[in-house]
Amino acid sequence: MKLDRKEILKALETITIAGEGKNMVESGAVTNVITFGDEVVVDLLLHTPAMHIKKRAEDDIKKTIHDLISADAKVKVNIKVEAKENPNEIKGKAIPGIKNIIAVASGKGGVGKSTVTANLAVTLAKMGFSVGILDADIYGPSMPIMFDVENEKPVSITVDGKSKMKPIESYEIKILSIGFFTAPSQAVIWRGPMAAKALNQMIFDADWGELDFMLIDLPPGTGDIHLSIMQSLPITGVVVVSTPQAVALADAKKGVAMFMQDNINVPVLGIIENMAYFTPEELPDNKYYIFGKEGAKNLAEDLNVPFLGEVPIVQSIREAGDYGRPAALQTASVIETIFEEITRNVVQETVNRNDSLPATEAIKITTMAGCSAVKK
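The protein is annotated in an unreviewed UniProt entry as Iron-sulfur cluster carrier protein from Flavobacterium pectinovorum. Of the comments in the UniProt record for the protein, the one headed Subunit (unreviewed entry) reads "Homodimer." The annotation that UniProt attaches to the protein under Function (unreviewed entry) is "Binds and transfers iron-sulfur (Fe-S) clusters to target apoproteins. Can hydrolyze ATP."

A.B. asks: What am I meant to see in the UniProt feature "binding site: ATP" (unreviewed entry) in the protein here?
C.D. replies: Mapped onto this numbering, the UniProt entry annotates "binding site: ATP" (unreviewed entry) at Gly107, Lys108, Gly109, Gly110, Val111, Gly112, Lys113 and Ser114. Mapping glycine 110 onto the fold places it in the loop between strand E4 (98–105) and helix H3 (113–126). Position of serine 114 among the secondary structure elements: in helix H3. Apart from residues no more than four positions distant in its own chain, serine 114 is found in contact with Ser142, Met143, Met146 and Asp217.

A.B. asks: Could you clarify how one ought to interpret the sheet that holds strand E10 (residues 211–217) in this entry?
C.D. replies: In a beta sheet, neighbouring strands pair by backbone hydrogen bonds and run either parallel or antiparallel. Judged by pairing direction, the sheet is mixed, and its eight strands sit side by side in the order E8-E9-E5-E10-E4-E11-E12-E13 without closing on themselves. The open sheet has two free edges, formed respectively by strand E8 (168–170) and strand E13 (307–313), since each of these has just one partner strand. Averaged over all pairs of adjacent strands, the angle between their axes in this sheet comes to 25°, without regard to strand direction. H3 rests against E4, strand E5 (131–135), strand E9 (173–177), E10, strand E11 (237–242) and strand E12 (268–278) of the sheet, and its axis sits at about 170° to E10. Along the sheet, helix H8 (residues 295–303) contacts E11, E12 and E13; its crossing angle with E12, the most-contacted strand, is approximately 160°.

A.B. asks: Please clarify how the packing of aromatic side chains should be interpreted in this entry.
C.D. replies: Aromatic ring pairs: the centre-centre distance and the angle between the two ring planes describe each pair. One pass over the structure, following the stated rule, counts three aromatic pairs. Taking the centre distance of 5.2 Å and the plane angle of 90° together, the rings of phenylalanine 129 and phenylalanine 213 count as edge-to-face. In this pair, phenylalanine 129 sits in the loop between H3 and E5 while phenylalanine 213 sits in strand E10, placing the two residues 84 residues apart along the sequence. Judged by centre distance (6.1 Å) and plane angle (65°), the ring pair of tyrosine 277 and tyrosine 289 falls under edge-to-face. Highlighted residues: tyrosine 277 in strand E12 and tyrosine 289 in the loop between E12 and H8, separated in sequence by twelve residues. The class of tyrosine 277 is buried, set by a relative accessible area of 12%. Note that lysine 287 overlies the ring of tyrosine 277, its terminal NZ or CZ placed 4.4 Å from the centroid.

A.B. asks: So what exactly am I meant to see when it comes to unusual backbone geometry here?
C.D. replies: Negative phi values dominate among residues other than glycine, just as trans dominates among peptide bonds. Positioned with a positive phi, tyrosine 171 is a non-glycine residue whose angle comes to about 50°. Looking at the element boundaries, tyrosine 171 is found in the loop between E8 and E9. At methionine 275, a residue that is not glycine, the phi angle is positive and equals roughly 55°. With respect to the helices, strands and loops of the structure, methionine 275 is situated in strand E12.

About the cut-offs
Here, residues in each chain are numbered from 1, in the same order as that chain's written sequence. Local features are withheld for residues below a pLDDT of 70 in this predicted model, meaning they are given only at 70 or higher, and side-chain atom pairs are given and counted only at 80 or more; totals for whole chains, interfaces and linings count all residues. Neither water nor hydrogens contribute to the side-chain values; these are computed over all heavy atoms in the structure. UniProt positions are given in the numbering used here, feature names are shortened, and annotations may be inferred rather than shown by experiment. Helix and strand definitions follow DSSP, with helices as H or I runs of at least four residues and strands as E runs of at least two, each counted in order from the N terminus. Note on definitions: a residue-residue contact is assigned when non-hydrogen atoms from the two residues lie within 4.5 Å. A pair of strands is considered paired only if DSSP assigns at least 2 bridges between the two. Each axis is a line fitted through C-alpha atoms, and for a helix only the stretch in contact is used; angles between axes span 0 to 180 degrees, taken between their N-to-C directions. Put simply, two rings from Phe, Tyr or Trp (the six-membered ring, in Trp's case) pair if the centres are within 6.5 Å, and we call them stacked under 30 degrees between planes, edge-to-face over 60, tilted for the rest. When accessible area is computed with a 1.4 Å probe and restricted to protein chains, residues below 20% of their type maximum are described as buried, those above 50% as exposed, and intermediate ones as partly exposed. For a lysine, the NZ atom is tested; for an arginine, the CZ atom; a charge sits over a ring if that atom is within 6 Å of the ring centre and within 35 degrees of the ring normal.

In structure tokens:
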């Protein structure tokens, strides 16, 4: 069957790209359509680097051609991204030597985000990457305990004539946390600007050296700290952690939505489901879905973002975090295998993101930007 270019263009007029007021033909997003017998190549130009918009556009084109033109058509979509100038975005102040900055977020507290961050970090290090962790959970820092460095204090060193903080190192991971500067029993009672200033000092006044990955352990929710981080750093992408429970998924969905907002526009690398199921040691073939089944996996499908993997409820994960030795360091264990698979997926999604999208820029948020209740 020979495909007709004009019919294909007419079919593509039924598709609107997220954030665009016009259909993809009228808006100029479709730059070319080429047909070869039963094959069609669509060249697409997008103005937003968001991964979910790119994936949705590609899927919509293929589905539309198959539904309206021919179910047997072989469709290839070439997507080029050229970001428009946006008054709410400025060039990011990158940290020299750091290749990828991955934020680990959750909508709700208590879903194991910090535990996942710690285990991703040690697994990346075992794979040969140089890794750092910025513990941005100002009000509940966990990394000093999880890496058994509660009593350590960063020292000041001179780098190129400037005084810098030297991150604490544990299991080949460089770590900075507000927990190093406060007593274990001391509550951090700071307003947003003070917390943001402390974060900026740990980011820019530290000698991080050469890192393949910096993981940022964000606090729960979608608040001031998140905006401060995204204003300060060009985040490569974000990983969202959730349990399969409905109340956690509702907040995780809001967390993903924040990063997908047009004026924030940080690529979502995927969702990790923590506490996915429980398998008793005496019944290794049984799975008990205590918090629900595949909730985070279904959420990833609904939001059209990658599902990075699931972590079961295992007592040794909790024990390892309390003892200060992340569970993924347990060689030849089920936990090691699980985190290796999840970490490989994170690395692959990072590679895909870097291959297909321009570098993320730090955002500039004005007084009303990002407030969905305000109409501009």
